Amino acid sequence: MPRKARIQSKTGVYHIMLRGANRQEIFHDDEDCMRFLETIQRYKSKSGIKVFAWCLMGNHVHLLLKEGIEDISNTMRRIGVSFVSYYHWKYKTTGHLFQDRFRSENVESDRYLLTVTRYIHQNPIMAGLTRKVEEWKWSSCLGYYGKQYFPMGLLDKDFVLEKFSDNAEAARRMFRDYNELQNGDQCLDDFPRRVRKTDTEAKKEMEILLGPVEIAHVKSLPRLKRNEILRNVKKIEGVSYRQIARIFGVSPSLVARA
């Protein structure tokens, strides 16, 4: 069945989500997050997109972008191809990294622009990964709060802040109050949120899955048997590749390749 054509936003602004294939983790360490954001920054210069918000989670990404000199689909394709190439090189993997094409929704009003920005920044809280939006360093929240963020220059925050006030300091203060307000916003997502397990919770489920095999022995098993175990462990809901690597004493790239 052919895909439906993406409906163009009248404002050129889109809320975009990229998800790992089979909900696999796509960011295993800080280097991966930095590389993804640097890739966006590189194509921002080439395509002229505006970047109003982002949040990088373990297995998905939220972006709030305004289309530049080319169709947003082309820009996202370039970003995706570049990052996937880096990922396969680093982790010695092949095949699909992202789930199908990116999902998006049009942002046609100032009110929804602010709603989506807040929703993106509160994603780590909703996932149970942090208590405060500013504690998650892989979102654009820090830039809006006037703090150091990576990579500097990526965020086009004035477009959003000006919706609150012409006075920069007042706008930042009002934005912060709005950004941290508890709400029932539902933007784009139509799936249950994945709550990350603690290492203790993850170990308990792993021990049940492993049966007589000790966690400490897994890394020393023959490759085929070890990879079979890792593939099964990766299916445990709420467990990240980094946790698996840490608990079993192996590298994240080995977990990703299994």
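Residues numbered from 1 in each chain as written. Predicted model: local features only at pLDDT ≥ 70, side-chain atom pairs only at ≥ 80, totals over all residues. Heavy atoms only, no water.

J.: Honestly, the pattern of salt bridges in this entry has me stumped. Any pointers?
T.: Oppositely charged side chains can pair when the atoms bearing their charge come close. The full count for this structure, using the stated rule, is 14 salt bridges. Arg118 is the salt-bridge partner of Asp185, the closest N and O atoms lying 3.0 Å from each other. A residue pair is termed long-range when its members are at least 10 positions apart, and Asp185 in the loop between helix H7 (168-179) and helix H8 (199-210) and Arg118 in helix H3 (residues 110-121) qualify at 67 residues. You'll find Asp185 and Arg118 in the same group, each marked buried. What you see here is one network of salt bridges that share partners, running through Asp29, Glu31, Asp32 and Lys90. (Salt bridge = Lys/Arg side-chain N within 4 Å of Asp/Glu carboxyl O. Helix = DSSP H or I, 4+ residues; strand = E, 2+ residues; numbered from the N terminus. Buried < 20%, exposed > 50% of the residue type's maximum accessible area, 1.4 Å probe, protein only.)

J.: Is there a simple way to explain the packing of aromatic side chains in this structure?
T.: Two aromatic rings are characterised by how far apart their centres lie and by the angle between their planes. All chains considered together, the criterion is met by 12 aromatic pairs. Centre to centre, the rings of Tyr144 and Phe175 are 4.4 Å apart; their planes meet at 20 degrees, and the pair counts as stacked. You can see Tyr144 sitting in helix H5 (residues 141-144) and its partner Phe175 sitting in helix H7, a full 31 residues away along the chain. Here the two residues Tyr144 and Phe175 agree in accessibility, since each one is buried. Plain terms: the ring middles of Phe164 and Phe175 are 5.8 Å apart, the flat faces sit at 90 degrees to each other, and that makes the pair edge-to-face. Linking Phe164 in the loop between helix H6 (158-161) and H7 with Phe175 in helix H7, this pair joins segments that are 11 residues apart in sequence. Sitting over the ring of Tyr178, Arg118 keeps its end group 4.1 Å from the ring centre. It is Lys163 that lies over the ring of Phe159; its NZ or CZ is 4.2 Å from the centre. (Phe/Tyr/Trp six-rings, centres within 6.5 Å; stacked < 30°, edge-to-face > 60°. Lys NZ or Arg CZ within 6 Å of the ring centre and 35° of its normal.)

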